[in-house]
Structure formats: structure tokens, C-alpha cells
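In case you want the letters, here they are:
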Amino acid sequence: MQQELIKAEKLKAVEQMGAAISHEIRNPLTAASGFVQLLQDDYLSRQKRKEYLAIVKEELFSAERVIQDYLTFAKPALESLEELNVKSELRQIISILQPIANQNSVEIITDFSIIGFIKGDGQKFRQCFVNVLKNAIESMPHGGYLHVSTEYSQNDVTIKVKDTGVGMSPQQLERLGEPFYSTKGKNGTGLGMMVVYSIVRAMDGSIWVESDVGKGTTFHFQFPTIPIKGNKQTGRV
Ligand code: ADP
Ligand code: MG
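First things first, this report covers the structure right here in the doc. Here the structure is a predicted model, which is why all the values come from computation and not from measurement.

**Regarding the overall build of the protein**
Within the protein, the secondary structure is distributed over seven helices and eight strands. For the protein, the proportion of its 237 residues judged to be buried stands at 43%. Considering only residue pairs separated by 6 or more positions, the protein has 75% of its internal contacts joining residues 24 or more positions apart. Carbon and sulfur atoms form 52% of the exposed surface of the protein, whose accessible area is close to 13,300 Å².

**Re the nonpolar core**
Ranked by internal contacts, the top residues of the largest apolar core, which has 40 residues, are Phe125, Phe129, Leu146, Ile159, Val161, Phe219 and Phe221. At the level of secondary structure, the elements contributing two or more residues to this core comprise helix 4 (86-103), strand 3 (106-111), helix 5 (122-138), strand 5 (144-152), strand 6 (156-163), helix 7 (192-202), strand 7 (206-212) and strand 8 (216-224). Considering every element that reaches this core, the biggest residue donor is helix 5, with eight residues. Here Phe221 is in contact with Phe129, Val132, Val157, Thr158, Ile159, Val161, Val196, Val200, Ser206 and Ile207, once residues within four sequence places are set aside.

**Observations concerning the site of ligand 1**
Around ligand 1, the structure places 21 residues, and the nearest of them are Asn135, Ser182, Thr183, Lys184 and Thr189. Here a nitrogen atom of ligand 1 and a side-chain polar atom of Asp163 are 2.8 Å apart. Measuring from an oxygen atom of ligand 1, one finds a backbone N or O atom of Met193 at 2.8 Å. Burial of ligand 1 by the protein amounts to 95% of the accessible area it has alone, namely 540 Å². Counting atoms within 2 Å of the grid points, the majority share of ligand 1 lands in the largest pocket. Taken together, the residues of the shell around ligand 1 break down into seven nonpolar, ten polar and four charged.

**What to know about the pattern of salt bridges**
Across all of its chains, the model carries seven salt bridges by this definition. Its salt-bridge partner being Asp69, residue Lys134 comes within 3.0 Å of it at the nearest N-O pair. Of the two residues, Lys134 sits in helix 5 while Asp69 sits in helix 3 (residues 46-71), which places them 65 residues apart along the sequence. Side by side, Lys134 and Asp69 carry an identical accessibility label, which is buried. For Glu138, the salt bridge is made with Lys134, and the minimal N-O distance between the two is 3.9 Å. On the criterion of helical spacing, the pair formed by Glu138 and Lys134 is a turn pair, its members being four residues apart in helix 5. Through salt bridges that share partners, Asp69, Lys134, Glu138 and Lys184 make up one connected network.

**Some remarks on the side chain of Ser113**
One can find Ser113 in the loop between strand 3 and strand 4 (117-120). Here the side chain of Ser113 touches Ile115 through a polar contact of 2.9 Å, landing on its backbone oxygen. In contact with Ser113, other than residues within four places in its own chain, are Lys87, Thr150, Glu151 and Tyr152.

**What to know about the layout of surface pockets**
Put simply, the largest pocket is a space of about 780 Å³. Around the largest pocket, the lining is made up of 34 residues, and of these Asn135, Glu138, Ser182, Thr183 and Lys184 lie nearest the centre. At the level of secondary structure, the elements contributing two or more residues to the lining of the largest pocket comprise helix 3, helix 5, helix 7 and strand 8. With six residues, helix 5 is the single largest residue contributor to the lining of the largest pocket. Within the lining of the largest pocket, the residues separate by chemical class into twelve nonpolar, 15 polar and seven charged.

**Describing the pairing of strand 7**
Consecutive side chains along a regular strand alternate between the two faces of the sheet. Note: strand 7 against strand 8, seven bridges, orientation antiparallel. In the sheet register, Ile207 faces strand 8, and the bridge partner there is Phe221. From the end of strand 7 to the start of strand 8, which pair antiparallel, there are three residues, and Gly214 there has a positive phi angle of about 85°.

Cut-offs applied
- Residues numbered from 1 in each chain as written.
- Chains lettered and ligands numbered in written order.
- Predicted model: local features only at pLDDT ≥ 70, side-chain atom pairs only at ≥ 80, totals over all residues.
- Heavy atoms only, no water.
- Helix = DSSP H or I, 4+ residues; strand = E, 2+ residues; numbered from the N terminus.
- Buried < 20%, exposed > 50% of the residue type's maximum accessible area, 1.4 Å probe, protein only.
- Contact = heavy atoms within 4.5 Å.
- Areas by Shrake-Rupley, 256 points an atom, 1.4 Å probe, with all protein chains shown as cover.
- Core = buried A, V, L, I, M, F, W, Y, C linked by side-chain atoms within 4.5 Å.
- Near = heavy atom within 4 Å.
- Polar contact = N/O pair within 3.5 Å; in protein donor to acceptor, adjacent residues only side chain to side chain.
- 1 Å grid on protein atoms, 1.4 Å probe; cavity = no way out; pocket = protein on both sides within 12 Å on 5 of 7 lines; lining within 4 Å.
- Sits in = over half its atoms within 2 Å of the grid points.
- Nonpolar A, V, L, I, M, F, W, Y, C, P; charged D, E, K, R; others polar.
- Salt bridge = Lys/Arg side-chain N within 4 Å of Asp/Glu carboxyl O.
- Points joined across faces, edges and corners; volume = space filled by probe spheres on them.
- Pairing = 2+ DSSP bridges.

Don't take any of this as a statement about function, it's just geometry.
Have a look at this one:
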């Protein structure tokens, strides 16, 4: 099944994200520091100490997850429009995620067109695709294949991300991108896809997704290309 996922009501929520995110980070940090205070008691039993330390650790992980999904590449208040070489950006992201892929026995297969330049903020682009690729890897806990490919045409660059993971039902697909929607319990934030939609929109791009439960998911991204000047067009790899 196929569906265009950019929807006005989902995007409205994105605008309220900033406040929600800092809230999501502050909550676990407040909890962690509360338990650190309790740990300062010299007469605490060994058992309680262990219990509190486990809570602190879990809360810190939770804050870290939010940061990872939302702010990995963020530099405060710096928005820059650059000419992005889609292939080299994707290569960089894949190298960051390779260790997680290895851990999950996921093989990453790439097929990139030689050229493909789009306009955007490099940090945001990386944040977007880290989330997409991380989700794809996480959808294959018992291993699988992750295909990342690009196609170039005169007007658009298409990026395809295909996994052989658990897939999504039509109902799940419908909720994709909703703030805090996650099927990963404590291990998820439900922020990753929010971030993806907002970034893709900011870059005048579009997203389509096809998914089959038990078979896998394919994301299609399309971004307007930058008209090529000089000799870039004939550049070879
Ligand atoms: P999180 O990864 O923290 O759960 P996301 O916003 O990144 O939050 O993703 C939301 C949900 O969308 C995930 O919990 C998962 O159910 C679903 N999802 C996203 N990408 C995929 C994928 N490639 N395969 C299967 N399900 C996916
Ligand atoms: Mg995610």
C-alpha cells in the first residue's frame, strides 16, 4: 500500500516541537538528579543504592535518545543553505550507522547515481536520514538488508531506503510522524519521524512510503535538484 504522508495536521504539530522536545529532555534529567540526591544518603542500603542507580541510568538513556533523534547534528541557531552532494552526505550517515547495522546483522547495500545536488542545511539533512536509516535497522532485529539508492533526473533527486524488516500495517502507517508515536516502548521516542517530516518539508521535498507487514518498508524521498553549473555534470566517481 502506498500513501503520501505529508499532511497539514501532522505538520502543525511539528511547529510545537521545540517546547515539547526540551520538556522531553528535562523530565528524565529532573528525575535523574532527584535520584542522585537520594544517593547522597550515607546510610542507604546496598539494595536501594543499586535500584536508584539503575533508575538514574535509565533516565539518562532516555534523555540521550531524545537528543539522538532530534539534535544529533544541531548547532544552535545556525541555519545554512548549502549545496549538498546527496551521495557523499548519505555515505557519511551510513558510516555513522554501520556499527549499529553490524550489531543487528544488517547488510547495507548502496546504489548511488553519480551526481545529485540539492539545496539544504547539511546538518538537518543528516539528522533526517539518520532517523530514517536507524528506524530501518531497528525494524530488522534479526538481520536483513538495507538498500539505499539514489536516482537523479533533471528536476529531482530521489532517495530510496528499503528494508526487509517487520513492516507496518495501514493503521501504523497512518500514524507515522505523529508526535511521540512509537511501537518501541521504552526504547523509542516517537520523535524521529516528526523530525524527518519537518526537515523534508523545509527542503521542499516529499515522502512516500510503502510497507508490508512481515516483508519490509520502502521510503521514497524526492528533493528538487539544483541546476548544475560548470563541469560538475561530467564529474565521474
Ligand atoms: P521511534 O523510532 O523512537 O519509535 P520514530 O518516530 O522514529 O520513533 O518512528 C515511529 C514508529 O514508526 C516506530 O516506532 C515504528 O513503529 C515505525 N517505523 C518507522 N520506520 C519504520 C520502518 N522502517 N519499519 C517499520 N516500522 C517503522
Ligand atoms: Mg526512530
